[in-house]
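# Observations on chain architecture
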Amino acid sequence: MSPHTTGRRSSRRIVAGGVPVAVIAALVAAGPASGAGDEGGSARVVRTATLGDLPLGAFSNALLPGTVDNDRGVDLGGIGSDIYPAGRKGEFWTVTDRGPNGQIKVDGKKRRTFPVPGFDPAIVKIRVSGDTVRVLDAIPVTTASGKPVTGLPNQEGRDEAPYSYDARTALAFNANGLDTEGIVRAADGSFWLVDEYGPSLVHVSARGRVLTRYVPKGLGLTGTDYPVVEALPAVLLHRKINRGFEGLAQLSGGDLVMAVQSPLSLPDTDAGEASRTTRLLRFSPKKKAVTAEYAYRFDPVNVVDPGEDDPSELKISSVVSVGGNRLLVEERTDKAARLQLVRLDRASNILGGPWDDDTTSPSLEQLDDPASSGVPVLAKKLVVDLGTVTGVPGKIEGVARVDHDTLALINDNDFGMTDGAGAFDAQGRLVDSGVETSVIYVRLPRGI
């Protein structure tokens, strides 16, 4: 069954952000996961709440009628790209990623699939109530003229080519498409998002319309139905595919901090795959410009995830402001994560220096020990190793501060999808992975 809607939106009973009451009522509470934690002075899980099943077609078409004609049995998921406090206790803003997607090998080469190409990324407001995550509100991300941005790749030759669910039919690129990954809400009610494709920083109105998309200098993105400004360092053009901006934080003064998910591919892919050095950028909404850049050094991959030996598995998925110029930075693989505390000091700013010049050799990413080569790498302090906390699932992509000693985590369930030809059955329906979207409260042994 692939529900869709063709009626007029004005004829439906709507809650504040455009989600019909009937759609919210369709959420079915799932059972809670284990809330047990370690004894003694360790961090522990104190609550786990789970999002029930809601058909993706019903959700999408309630926001933008007629956008999804076949959801292939996929439920709403992927809202774990980030989580941000919404003001009231237990309420958060979240953001979906670009939609269900996977990889299938055809003739020995991986192809990126988009089983529901009409899906439009959305900002989703949730409430944690007991062991259930409830959708309160949803705002589709749209172009200046109100059309869906979609989650499809932007540029042929730079982004992966999109294909149908079975990887057999090529789909069109879309310059408006966004792979949304991080969210904060500004004091005026507008939102800031980050995107993996550009990578880009995206300013979105309170109603979801893209106001401005800030991209690296030299990207040359044309054909969008919203303003594009080349305001970010050109060195970001070397981002690894599917590893653009993932973390986004809002400092107390209003500045934004974006995290490049993985080391840049400088001077080439092999250098980026082997590197443990990525970058954070500070952006001033008032100046509409990047004002600082910082070198961030991952711990060795087998420290973050014991048993893993591939450094390319390291990534930053969340950065969280915890007062002043302090940030929590999440280092993770798909199986484990650690939260580090850093302070953004002026002495660590590398913006505009040799490391932003892609002809510098060796590159920042190639340095075995950047600090010994004179690079002011951010000092960090481990706050919690989530891999040792009972009840924390894998692939945590969003972290929010609830209070001085409690964090809310959210996982990315990939819309229940897996990679490979077995992701869908012979009728083209999803073979669900069984992984659910959950919000997990973790209490720390001491405040931050």
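Structure shown above.
What comes next concerns the included structure. The structure displayed is predicted, hence computed values, not measured ones.

### So, the overall build of the chain
Tallying secondary structure elements over the chain gives four helices and 24 strands in all. At 21 Å, the chain has a C-alpha radius of gyration in line with the 22 Å of a compact globule built from 448 residues. By its C-alpha atoms, the chain is 60 × 55 × 45 Å across when sized along the principal axes. Burial status across the chain gives 56% buried among its 448 residues. Pairs at least 24 apart in sequence give 61% of the contacts found in the chain among residues at least 6 apart.

### Remarks on the pattern of salt bridges
Scanning the entire structure with this criterion turns up 21 salt bridges. The salt bridge involving Asp356 is made with Arg279; its shortest N-O contact spans 3.3 Å. With Asp356 in the loop between strand S20 (337–343) and strand S21 (380–385) and Arg279 in strand S16 (residues 277–284), this residue pair connects regions lying 77 residues apart in the sequence. Each member of the pair, Asp356 together with Arg279, is buried. In this structure, Arg338 engages Asp299 in a salt bridge whose closest nitrogen and oxygen atoms are separated by 3.1 Å. Here Arg338 is found in strand S20, whereas its partner Asp299 is found in the loop between strand S17 (289–297) and helix H4 (301–304), with 39 residues between them in sequence. The class of Arg338 is buried, set by a relative accessible area of 10%.

### With respect to the nonpolar core
By size, the foremost hydrophobic cluster in this structure holds 32 residues, and its most contacted members are Phe59, Leu76, Phe92 and Val439. Leave out the neighbours within four places in its chain, and Phe92 touches Ile83, Tyr84, Pro85, Ala86, Val124, Lys125, Ile126, Val128, Ala400, Val402, Ala408 and Tyr441.

### Observations concerning the packing of aromatic side chains
Under the defined criterion, the tally for this structure stands at eight aromatic pairs. With 5.5 Å between their ring centres and 70 degrees between their planes, Tyr165 and Phe424 make a pair best called edge-to-face. In this pair, Tyr165 sits in the loop between strand S8 (162–163) and strand S9 (180–185) while Phe424 sits in the loop between strand S23 (406–411) and strand S24 (438–443), placing the two residues 259 residues apart along the sequence. Residues Tyr214 and Phe283 carry aromatic rings whose centres are separated by 5.0 Å and whose planes lie at 55 degrees to one another, so their mutual orientation is tilted. Of this pair, Tyr214 sits in strand S12 (residues 210–216) while Phe283 sits in strand S16, and the two are 69 residues apart along the sequence. When its relative accessible area of 0% is taken as the criterion, Phe283 is described as buried.

### Some remarks on the environment of Thr291
Looking at where Thr291 falls in the secondary structure, it is placed in strand S17. Taking C-alpha positions, Thr291 is 24 Å from Gln366, a pair spaced 75 residues apart along the chain. For Thr291, the contacting residues outside a window of four places in its chain are Asp255, Arg282, Ser284, Asn349 and Leu351.

### Remarks on unusual backbone geometry
Note the cis peptide between Gly198 and Pro199, where omega equals -5 degrees. Geometrically, the link from Ser361 to Pro362 is a cis peptide bond, its omega value of -5 degrees lying close to zero. Along the chain, Pro362 falls in the loop between S20 and S21. Despite not being glycine, Thr150 shows a phi value in the positive range, around 65 degrees. Locating Thr150 in the fold gives a position in the loop between strand S7 (132–140) and S8. Thr150 gets classed as buried once you look at its relative accessible area, which sits at 10%. Although it is not a glycine, Asp414 sits at a positive phi angle of roughly 55 degrees. Turning to its location among the elements, Asp414 is positioned in the loop between S23 and S24. On the basis of relative accessible area, Asp414 is assigned to the partly exposed category, the value being 25%.

### Quick look at the sheet that holds strand S19 (residues 326–332)
Backbone hydrogen bonds are what pair the strands of a sheet, in a parallel or an antiparallel way. One open sheet holds the four strands; their spatial order is S18-S19-S20-S21, and the pairing between them is antiparallel. Two strands bound the open sheet, and with one partner strand each, they are strand S18 (315–321) and S21. Across the sheet, the axes of successive neighbouring strands diverge by a mean angle of 25 degrees, strand direction being ignored. Here seven bridges tie S19 to S20, and the two strands are oriented antiparallel to one another. When the sheet's bridge partners are listed, Val329 is paired in S20 with Gln340.

The rules behind the values
Residues numbered from 1 in each chain as written. Predicted model: local features only at pLDDT ≥ 70, side-chain atom pairs only at ≥ 80, totals over all residues. Heavy atoms only, no water. Helix = DSSP H or I, 4+ residues; strand = E, 2+ residues; numbered from the N terminus. Rg over C-alpha atoms; globule rule 2.2 N^0.38 Å. Buried < 20%, exposed > 50% of the residue type's maximum accessible area, 1.4 Å probe, protein only. Contact = heavy atoms within 4.5 Å. Salt bridge = Lys/Arg side-chain N within 4 Å of Asp/Glu carboxyl O. Core = buried A, V, L, I, M, F, W, Y, C linked by side-chain atoms within 4.5 Å. Phe/Tyr/Trp six-rings, centres within 6.5 Å; stacked < 30°, edge-to-face > 60°. Pairing = 2+ DSSP bridges. Axes fitted to C-alpha atoms, helices over the stretch in contact; angles between N-to-C directions.

These figures come from the coordinates and say nothing about function on their own.
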